[in-house]
Amino acid sequence: MTVESTAARKPRRSAGSKAGTTGTKAAGTTGTKRTTRTTAQKSAEKSAEKSAAQRTEPELVQLLTPEGERVENAEYGAYVAGVTPDELRGLYRDMVLTRRFDAEATALQRQGELGLWASLLGQEAAQIGSGRATREDDYVFPTYREHGVAWCRGVDPTNLLGMFRGVNNGGWDPNGNNFHLYTIVIGSQALHATGYAMGIAKDGADSAVIAYFGDGASSQGDVNEAFNFAAVYNAPVVFFCQNNQWAISESNEKQTRVPLYQRAQGFGFPGVRVDGNDVLATLAVTRWALERARRGEGPALIEAWTYRMGAHTTSDDPTRYRHDDERAAWEAKDPILRLRRHLEAAGHADESFFVELEAESEALGKRVREAVRAMEDPDRLALFENVYADGHALVDEERAQFAAYQASFADAEGV
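None of these values were measured; they are calculated from a predicted model.

### A word on the confidence of the model for the protein chain
Here's step 1: Chain-level pLDDT for the protein chain is 88 on average; 85% of the residues reach the 70-or-more range.
Here's step 2: With pLDDT under 50 throughout, residues 1-35 is counted as low confidence; its partners more than four residues away or in other chains account for 13 contacts.
Here's step 3: Note on residues 50-55: pLDDT is under 50 here. Beyond four places in sequence and across chains, it has 2 contacts.

### Focus on the sheet that holds strand β6 (residues 271-275)
Here's step 1: Spatially, the 5 strands line up as an open sheet ordered β1-β2-β3-β7-β6, and their pairing is parallel. Where the open sheet ends on each side, the last strands, each with one partner, are β1 (139-141) and β6. Taking each pair of neighbouring strands and ignoring which way they run, the sheet shows an average axis angle of 20°.
Here's step 2: Of the strand pairs in this sheet, strand β3 (residues 237-243) and strand β7 (residues 300-305) are connected by 6 bridges, and their pairing is parallel. Among the inter-strand pairings, Phe-239 is bridged to a residue of β7, identified as Leu-301.

### Brief notes about the pattern of salt bridges
Here's step 1: Within the structure shown, the criterion is met by 24 salt bridges.
Here's step 2: We note a salt bridge from Arg-135 to Asp-206, for which the minimum N-O separation is 3.3 Å. Here Asp-206 lies in the loop between α8 (188-203) and β2 (209-214) and Arg-135 lies in the loop between α4 (124-133) and β1, a separation of 71 residues in the sequence.
Here's step 3: A residue is classified by how much of its surface remains accessible, and Arg-135, at 31% relative accessible area, is partly exposed.
Here's step 4: The closest approach of N and O atoms between Arg-340 and Glu-344, which form a salt bridge, is 3.1 Å. Within this pair, Arg-340 and its partner Glu-344 are both found in helix α13 (residues 335-346), separated by 4 residues, close to a single helical turn.
Here's step 5: By relative accessible area, which is 25% here, Arg-340 ends up partly exposed.

### Topic: the side chain of Gln-189
Here's step 1: With respect to the helices and strands, Gln-189 occurs in helix α8.
Here's step 2: Not counting residues up to four positions away in its chain, the partners in contact with Gln-189 are Phe-141, Pro-142, Thr-143, Thr-183, Ala-211, Tyr-212 and Phe-213.

### Remarks on empty space enclosed by the protein
Here's step 1: This model, assessed by the stated rule, comprises 2 cavities of 30 Å³ or more.
Here's step 2: Counted as a void, the largest cavity has a volume near 40 Å³.
Here's step 3: Taken together, Thr-98, Phe-101, His-147, Ala-150, Trp-151, Val-155, Pro-157 and Leu-160 make up the full set of residues lining the largest cavity.
Here's step 4: Elements represented by at least two residues in the lining of the largest cavity include exactly α3 (85-110) and α5 (147-152).
Here's step 5: A per-element tally of the lining of the largest cavity places α5 first, with 3 residues.
Here's step 6: Of the residues contributing to the lining of the largest cavity, the split by class is 6 nonpolar, 2 polar and no charged.
Here's step 7: Here the second largest cavity defines a volume of roughly 30 Å³.
Here's step 8: Phe-213, Ser-218, Phe-227, Cys-241, Leu-260, Arg-263 and Leu-301 are the residues that line the second largest cavity.

### Focus: the packing of aromatic side chains
Here's step 1: Under the definition given, this model contains 24 aromatic pairs.
Here's step 2: Ring geometry for Phe-141 versus Tyr-196: centroids 5.8 Å apart, planes at 65°, classification edge-to-face. You can see Phe-141 sitting in strand β1 and its partner Tyr-196 sitting in helix α8, a full 55 residues away along the chain.
Here's step 3: With a relative accessible area of 34%, Tyr-196 lands in the partly exposed category.
Here's step 4: Ring geometry for Phe-227 versus Phe-269: centroids 5.7 Å apart, planes at 85°, classification edge-to-face. Linking Phe-227 in helix α9 (residues 221-232) with Phe-269 in the loop between α10 (263-267) and β6, this pair joins segments that are 42 residues apart in sequence. The burial state of Phe-227 is the same as that of Phe-269; both residues are buried.
Here's step 5: Above the face of the Trp-330 ring, Lys-333 is positioned so that its terminal group lies 4.2 Å from the ring centre.

### Notes on the pairing of β6
Here's step 1: With 4 of 5 residues buried, β6 lies mostly within the body of the structure.
Here's step 2: Taken together, β6, helix α11 (residues 279-294) and β7 constitute a β-α-β crossover, and its handedness is right-handed.

### Notes on the packing of α3 against α13
Here's step 1: Remark: α3 packs on α13, axes separated minimally by 10 Å, with the N-to-C direction vectors making an angle of 150°. Comparing their axes, α13 and α3 come out roughly antiparallel. The crossing of α3 and α13 is left-handed. Residue-level contacts link Leu-88, Arg-89, Leu-91, Tyr-92, Met-95, Val-96 and Arg-99 of α3 to Pro-335, Ile-336, Leu-339, Arg-340, His-342 and Leu-343 of α13.
Here's step 2: In the contact of α3 with α13, the residues fall into 9 nonpolar, 1 polar and 3 charged.

### Considerations on unusual backbone geometry
Here's step 1: Located in the positive-phi region is Asn-178, a residue other than glycine, with phi close to 50°.
Here's step 2: Within the secondary structure layout, Asn-178 lies in the loop between α7 (174-177) and α8.

### A word on the side chain of Thr-313
Here's step 1: Tracing the sequence through the fold places Thr-313 in the loop between β7 and α12 (324-331).
Here's step 2: Relative accessible area serves as the criterion here: at 10%, Thr-313 is assigned to the buried category.
Here's step 3: Of the polar contacts made by the side chain of Thr-313, one reaches the side chain of Ser-315; its length is 2.8 Å.
Here's step 4: Those residues in contact with Thr-313 that lie beyond four places of it in its chain are Leu-116, Trp-117 and Ala-118.

What counts, and where the lines are drawn
- Residues numbered from 1 in each chain as written.
- Predicted model: local features only at pLDDT ≥ 70, side-chain atom pairs only at ≥ 80, totals over all residues.
- Heavy atoms only, no water.
- pLDDT = per-residue confidence, 0-100.
- Contact = heavy atoms within 4.5 Å.
- Pairing = 2+ DSSP bridges.
- Helix = DSSP H or I, 4+ residues; strand = E, 2+ residues; numbered from the N terminus.
- Axes fitted to C-alpha atoms, helices over the stretch in contact; angles between N-to-C directions.
- Salt bridge = Lys/Arg side-chain N within 4 Å of Asp/Glu carboxyl O.
- Buried < 20%, exposed > 50% of the residue type's maximum accessible area, 1.4 Å probe, protein only.
- 1 Å grid on protein atoms, 1.4 Å probe; cavity = no way out; pocket = protein on both sides within 12 Å on 5 of 7 lines; lining within 4 Å.
- Points joined across faces, edges and corners; volume = space filled by probe spheres on them.
- Nonpolar A, V, L, I, M, F, W, Y, C, P; charged D, E, K, R; others polar.
- Phe/Tyr/Trp six-rings, centres within 6.5 Å; stacked < 30°, edge-to-face > 60°.
- Lys NZ or Arg CZ within 6 Å of the ring centre and 35° of its normal.
- Right-handed = clockwise from strand over helix to strand, strands pointing away.
- Parallel < 35°, antiparallel > 145°, perpendicular 65-115°, else oblique.
- Left-handed = near helix turned anticlockwise from the far one by under 90°.
- Polar contact = N/O pair within 3.5 Å; in protein donor to acceptor, adjacent residues only side chain to side chain.

See below:
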């Protein structure tokens, strides 16, 4: 209770009628102010509650509820109307095996087999749905967490681990699967994707490009420059932002004052927010964006509203900046459990399917473990290769100095 409202409740009394009148008038005036102020406060509180609710449960494209029930959507439902039960089981298999691979990689890092690992736990639907929406001739520019997209593009999971073990700079040929090498520099791949898209447009191809980045990267200048170039040159590129709520330890509320998908409006192209834990909705929205890009209608921004269930990387401790109840709330929206509920309710999968998939999952984990431990260390002098197309005197000198330095260790051991 404020001092002012207390005074309004118990006005001073005076012996004189004039004083009493003044006291009554003051009391009445103050009481009126209190009523007006309370109404304003209530209105502000309701507005704040509404805003908070919108932040917690934003409006987004959803075709499958957390309980596994189908949702009709007149605008995007048509893009997955022809999805068969077999394809639904395929999407489920993709997510399960991707999660199993990711868990194995995390365990390998904890065992000292990898130097670092960026887990995708919780983001499987966003990656598998968008990855399966691409065509073979489309080109993908990932960050360093798109293990599910790599799976969809046919990149062997074991090839993703060489860089994190420190034995190579990538591990696969980007042109073999139209899947670019992982990009560690935050946001730079958005510019690479835009430039590539501008190039294929000049070539007259009807393929499209998709660039992945996180909510934190959306604040990078490179990403916003890419938006502008893509819009001005009508580049056939889809910007796919996985908003997992945390840019390392920085919450979403501290990164932006408006929903990320609305930023597209300022650059002159459409933006859509999709339930990133709904693999069916993600598939539909990404198909829509890629198809319009191929038709020459320019870029689009997709914000996949999802959640990073684990740490940013294995060097991060998320318990220092977020609460367990937040994770628990998102666990109820788990993308794999959501699709399983739908498969079971619709009679599209029986117990034998899940049992066989579990066995396949364990086999994948074993193959990944064996492959990582069998990786050979690279030739130490290899770092001087591929610096210049032709020989270079300075590089030759540095190579010789480094070789002599390495040989000195062998001489010391022989003493």
